[in-house]
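Listed below are the residues making up each chain.
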Amino acid sequence: QVQLVESGGGLVQAGGSLRLSCAASGTIFSIDPMAWYRQAPGKQRELVAAITSGGTTNYADSVKGRFTISRDNAKNTVYLQMNSLKPEDTAVYYCYAEIYSDYGPYGLDYWGKGTLVTVSS
């Protein structure tokens, strides 16, 4: 049974910083990619940032220059460092991972339960 467990959300003032973590556990051969999505009230879930096992990253335009995604492959963990936070960053942040349990070509999609980030003005 594979699980993704997020931590690090909370309340912060505009201009502040938070660091999210997401650890994958269970029967894991490899993970590629890992990513963070977010969903604000009344809006669709959107990609925030993604990272491959080789370290290639991709960011939403709205967070470029403020957020940094990183991962520790040995720990099956992905991080999201969020700086210069804005009220519009307020959302539930979800961890995503495509996880391979063996050498096969097909992985399965897994999601964390989400962690709330609230940025006050």
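In the block above lies the structure referred to throughout.
Caption draft 1: Region of interest: the nonpolar core. In terms of nonpolar packing, the biggest core is built from 30 residues, with W36, L80, M82 and Y93 touching the most fellow members. Here the element with the most residues in this core is strand β9 (residues 91-100); it accounts for 5 residues.

Caption draft 2: Just the pattern of salt bridges, in detail. Within the structure shown, the criterion is met by 4 salt bridges. Taking the shortest distance from any N to any O, the salt bridge between R38 and E46 comes out at 2.7 Å. For E46, a relative accessible area of 35% puts it in the partly exposed group. Residue R66 is joined to D89 by a salt bridge in which the shortest nitrogen-to-oxygen separation is 2.7 Å. Residue R66 is located in the loop between β6 (57-59) and β7 (67-72), and its partner D89 is located in the loop between β8 (77-82) and β9; the two are separated by 23 residues in the primary sequence. A single burial state applies to R66 and to D89, both of which are buried. Residues participating in the shared-partner salt-bridge network are R38, E46, R66 and D89.

Caption draft 3: Structural context of the state of the cysteines. Going through the model one piece at a time under the given rule, you end up with 1 disulfide. A sulfur-sulfur distance of 2.1 Å marks the disulfide that ties C22 to C95. In this structure the cystine formed by C22 and C95 twists about its S-S bond by roughly -80°; its chirality is therefore left-handed. Here C22, found in strand β3 (residues 18-25), pairs with C95, found in strand β9; they are 73 residues apart in sequence, far enough to count as distant. Given the relative accessible area of 0%, C22 is considered buried.

About the criteria used
Residues numbered from 1 in each chain as written. Predicted model: local features only at pLDDT ≥ 70, side-chain atom pairs only at ≥ 80, totals over all residues. Heavy atoms only, no water. Core = buried A, V, L, I, M, F, W, Y, C linked by side-chain atoms within 4.5 Å. Buried < 20%, exposed > 50% of the residue type's maximum accessible area, 1.4 Å probe, protein only. Helix = DSSP H or I, 4+ residues; strand = E, 2+ residues; numbered from the N terminus. Salt bridge = Lys/Arg side-chain N within 4 Å of Asp/Glu carboxyl O. Disulfide = S-S within 2.5 Å.

Read these as spatial facts, not as claims about activity.
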